[in-house]
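Commentary on secondary and tertiary structure
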Amino acid sequence: MINYYLPEGRLLGTKENYEYISSEEGLRAAQREGKILEATVLLCDSSLCLHLDLCGMTGIIEKDEALLCREGERPKDIAIITRVGKPVCFKVLSVSRENGHTVARLSRRLAQEDCAKTRLSRLRCGDLIPATVTHLESFGAFVDIGCGISSLLSVDSISVSRISHPSDRLSVGDRIHTVVKSIDADGRRIFVSMRELLGTWEENAAMFEAGQTVAGVVRSIESYGVFIELAPNLAGLAEIRNGTKDNDIAVVGNYVAVYIKSIIPERMKIKLVLIDSYRGDIPSKKPRYFTDVSTVKHLDFWRYSPYGAPKIIESVFS
């Protein structure tokens, strides 16, 4: 059974979606059945109407039908213009013949309203949901959590390892998994997190052992040392050694080779020694999920810190 409330773009290549949008009969059936479908926006005209490719037929989304807005608000022009070249979801309002051509009048707003009422209104903090990255800002990433409805993934929720900008971890178009972090009082804004799916300190540290030399990326430089990320949820500390080239290679954002001097679970510490700049292939930014997102649908609680560690890092959802 197809989930019609996925982030935009995930229905586009399905057989069922193609069967509905590839014929006039299919579009009329979708109208009767209230189906949510997807197609790619070809252009935005001077009236801010979106024109969609429906396998040779034309689909039109009027400005007021382009997205779901709060009561009293109107769609922002930029939010409509930026849909060109991208897939959008919609419901079929009507199908008619205009100047000898089949034209379908469509509504993205109704599809989003359906998603908000049927799917998003039932979410609880701790629920795992798929998302697609749509925009990056210094404070976080905006992600599509269903039918083009946006949610904020704040920069501190992307990983435990501190990053200076979401682009250190994500790119526009990335398909990711998230957990519902909070929902505002009126239920209209949902905030998500990602770090809870990227493993605890112990799970990440188990991938390494003392005596190894591995690749890492410099994330911050302090007076007492350099924090080097070994994995999205794991960083170690390297001291700057006087009279060496450490200062030359310890530049925020640089990939470096580091020697693992020791791993101390009870203090959540990994001591490192800078060896040299890393000249190999840059590791993929694709996240590794330690939570089985195919079977786990909800988290009540997540603890990053090892039990017994003096510093507690955890998330409580229930």
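In this report, we go over the structure that sits alongside the text. (Residues numbered from 1 in each chain as written. Predicted model: local features only at pLDDT ≥ 70, side-chain atom pairs only at ≥ 80, totals over all residues. Heavy atoms only, no water.)

Once that is clear, we can look at the pattern of salt bridges. Tallying each qualifying case throughout the model produces 16 salt bridges. Residue Glu 62 is joined to Arg 105 by a salt bridge in which the shortest nitrogen-to-oxygen separation is 3.0 Å. With Glu 62 in the loop between β3 (57-61) and α3 (77-81) and Arg 105 in strand β5 (residues 101-107), this residue pair connects regions lying 43 residues apart in the sequence. Residue Glu 62 is classed as partly exposed on the basis of its relative accessible area, which comes to 34%. On the basis of relative accessibility, which here comes to 24%, the residue Arg 105 falls in the partly exposed class. Across the salt bridge formed by Glu 113 and Arg 109, the nearest N and O atoms sit 3.8 Å from each other. Of this pair, Glu 113 and Arg 109 both sit in helix α4 (residues 108-118), separated by 4 residues, roughly a single helical turn. Judged by relative accessible area, Arg 109 falls into the partly exposed class, the value being 23%. A single salt-bridge network, built from bridges that share partners, covers Asp 168, Arg 169, Arg 219 and Glu 229. (Salt bridge = Lys/Arg side-chain N within 4 Å of Asp/Glu carboxyl O. Helix = DSSP H or I, 4+ residues; strand = E, 2+ residues; numbered from the N terminus. Buried < 20%, exposed > 50% of the residue type's maximum accessible area, 1.4 Å probe, protein only.)

Take the sheet that holds strand β8 (residues 150-154) next. The 5 strands are arranged β6-β7-β8-β10-β9 in a closed barrel whose pairing can be described as mixed. Looking at each pair of strands side by side, their axes are set apart by 55° on average, direction ignored. In terms of strand pairing, β8 meets strand β10 (residues 190-193) through 2 bridges, oriented parallel. Bridge pairing in β10 places Leu 152 opposite Phe 191. (Pairing = 2+ DSSP bridges. Axes fitted to C-alpha atoms, helices over the stretch in contact; angles between N-to-C directions.)

Take the packing of aromatic side chains next. Applying the stated criterion across every chain yields a total of 3 aromatic pairs. Between Tyr 224 and Phe 227 the ring centres are 6.1 Å apart and the planes differ by 90°, which places this aromatic pair in the edge-to-face class. On the accessibility criterion, Phe 227 (28% relative accessible area) is partly exposed. Residues Trp 302 and Tyr 304 carry aromatic rings whose centres are separated by 5.9 Å and whose planes lie at 45° to one another, so their mutual orientation is tilted. Here the basic side chain of Arg 303 rests over the ring of Tyr 307, its NZ or CZ set 4.2 Å away from the ring centre. (Phe/Tyr/Trp six-rings, centres within 6.5 Å; stacked < 30°, edge-to-face > 60°. Lys NZ or Arg CZ within 6 Å of the ring centre and 35° of its normal.)

This next bit is on the environment of Lys 86. Tracing the backbone shows Lys 86 in the loop between α3 and β4 (87-98). For Lys 86, a relative accessible area of 35% puts it in the partly exposed group. C-alpha separation for the pair Lys 86 and Leu 54, spaced 32 residues apart in sequence, amounts to 14 Å.

Moving on: the sheet that holds strand β12 (residues 225-231). Strand order in the closed barrel formed by 5 strands is β11-β12-β13-β15-β14, with mixed pairing between adjacent strands. Along the sheet, successive strands turn relative to each other by an average axial angle of 50°, direction set aside. Bridge analysis of strand β11 (residues 213-222) against strand β14 (residues 255-264) gives 5 bridges, and the strand direction is antiparallel. By the bridge assignment, Ala 215 is partnered in β14 with Ala 257.

We now examine the nonpolar core. Formed by 28 residues in total, the largest nonpolar core has its most connected members in Ile 36, Val 143, Ile 145, Leu 153, Leu 170 and Ile 176. At the level of elements, α4, β6 (128-137), β7 (140-144), β9 (175-183) and β10 are the ones that each hand at least two residues to this core. Looking at this core element by element, the count peaks at 4 residues for β6. Sequence-distant contacts of Ile 36, defined by excluding residues within four places in its chain, comprise Tyr 4, Tyr 5, Leu 11, Cys 89, Phe 90, Lys 91, Ala 111, Asp 114 and Cys 147. With 24 residues, the next largest nonpolar core counts Val 160, Ile 228, Leu 272 and Ile 313 among its residues. (Core = buried A, V, L, I, M, F, W, Y, C linked by side-chain atoms within 4.5 Å. Contact = heavy atoms within 4.5 Å.)

This part takes up helix α2 (residues 24-33). Turning to α2, its buried residues number three or more, namely Gly 26, Leu 27, Ala 29 and Ala 30. When α2 is viewed along its axis, its buried side chains cluster within an angular range of 160° and face the same direction. Turned more than 90 degrees from where α2 packs its buried face, Glu 25 and Arg 32 sit exposed. For α2, the secondary structure elements touched by its buried residues are α1 (15-21), β1 (37-44), β2 (50-54), β3, β4 and β5. Gly 34 occupies a position one or two residues after α2 and carries a positive phi of about 70°. (Arc of directions from axis to C-beta.)

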